[in-house]
Amino acid sequence: MPEHADIVAVQYPRGVTALVWLDLSTGAVATTHAGLRQTLRRGLRNWAGHVVYPQDGHTFLSAVYDHFFLNGYRVHWLSVSGLNGIQHTYRV
């Protein structure tokens, strides 16, 4: 996990929380959920219905939020500094 990042936290119905973040220093998108990585790589539709891909950076992170919100998941947008200790990360 980078020192500074914008993070979308997705709460799954069975209590699991997946994090998706944009590393502000490199522009890379990553997640803590291995299964979610494949879904993210295919791209997601944003609020307007346009498909957005991980290489779109911050726009993609907004589409992640929109996608899960529109599908009934609880989502939260966080901006953090100095977060450490995430053991498993998967680069999208």
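Structure: see above.
Residues numbered from 1 in each chain as written. Predicted model: local features only at pLDDT ≥ 70, side-chain atom pairs only at ≥ 80, totals over all residues. Heavy atoms only, no water.

Novice: So, a nonpolar patch on the surface: which residues are in play, and what are the values?
Specialist: Residues W47, F69 and L70 make up a contiguous nonpolar surface patch of roughly 360 Å² in combined accessible area. Mapped onto the secondary structure, L70 falls in helix 2 (residues 58–70). (Patch = residues over 30% accessible without salt bridge, like charges linked within 9 Å, V, L, I, M, F, W, Y side chains within 5 Å. Areas by Shrake-Rupley, 256 points an atom, 1.4 Å probe, with all protein chains shown as cover. Salt bridge = Lys/Arg side-chain N within 4 Å of Asp/Glu carboxyl O. Helix = DSSP H or I, 4+ residues; strand = E, 2+ residues; numbered from the N terminus.)

Novice: Lay out the environment of T31 in plain terms, naming residues and giving numbers.
Specialist: Mapping T31 onto the fold places it in strand 3 (residues 29–31). Note on T31: relative accessible area 0%, which makes it buried. Taking the C-alpha atoms as reference points, T31 and Y90, separated by 59 residues in sequence, lie 5.2 Å from one another. For T31, the side chain forms a polar contact with the main-chain oxygen of L19, separated by 2.9 Å. (Buried < 20%, exposed > 50% of the residue type's maximum accessible area, 1.4 Å probe, protein only. Polar contact = N/O pair within 3.5 Å; in protein donor to acceptor, adjacent residues only side chain to side chain.)

Novice: Describe the packing of aromatic side chains, and please don't skip the residues or the numbers.
Specialist: Counted according to the given criterion, the structure contains five aromatic pairs. Taking 5.3 Å as the distance between ring centres and 80 degrees as the angle between the ring planes, the aromatic pair formed by F68 and Y73 counts as edge-to-face. Site record: aromatic cluster; members linked through ring pairs are W47, Y65, F69 and W77. (Phe/Tyr/Trp six-rings, centres within 6.5 Å; stacked < 30°, edge-to-face > 60°.)

Novice: Hey, could you go over the nonpolar core for me, with residue numbers and the actual values?
Specialist: Of all hydrophobic cores here, the largest spans 17 residues; its most connected members are V20, L36, L40, F60, V64 and F68. For this core, the secondary-structure elements that each account for two or more residues are strand 1 (4–11), strand 2 (17–23), helix 1 (34–41) and helix 2. Ranked by residue count, the leading element in this core is helix 2, at five residues. If near-sequence neighbours (up to four positions away) are discounted, L40 is found in contact with V20, T31, P54, F60, V64 and V92. In this structure, A5, A9, W21 and A30 belong to the second largest nonpolar core, which totals six residues. (Core = buried A, V, L, I, M, F, W, Y, C linked by side-chain atoms within 4.5 Å. Contact = heavy atoms within 4.5 Å.)

Novice: Pulling in residues and values, what's your account of the side chain of D6?
Specialist: Turning to its location among the elements, D6 is positioned in strand 1. For D6, a relative accessible area of 10% puts it in the buried group. Here S79 takes part through its side chain, which lies 2.7 Å from a polar atom of the side chain of D6. Excluding residues that lie within four positions of it along the chain, D6 makes contacts with V20, W21, L22, L24, H58, L61, W77, L78 and S79.

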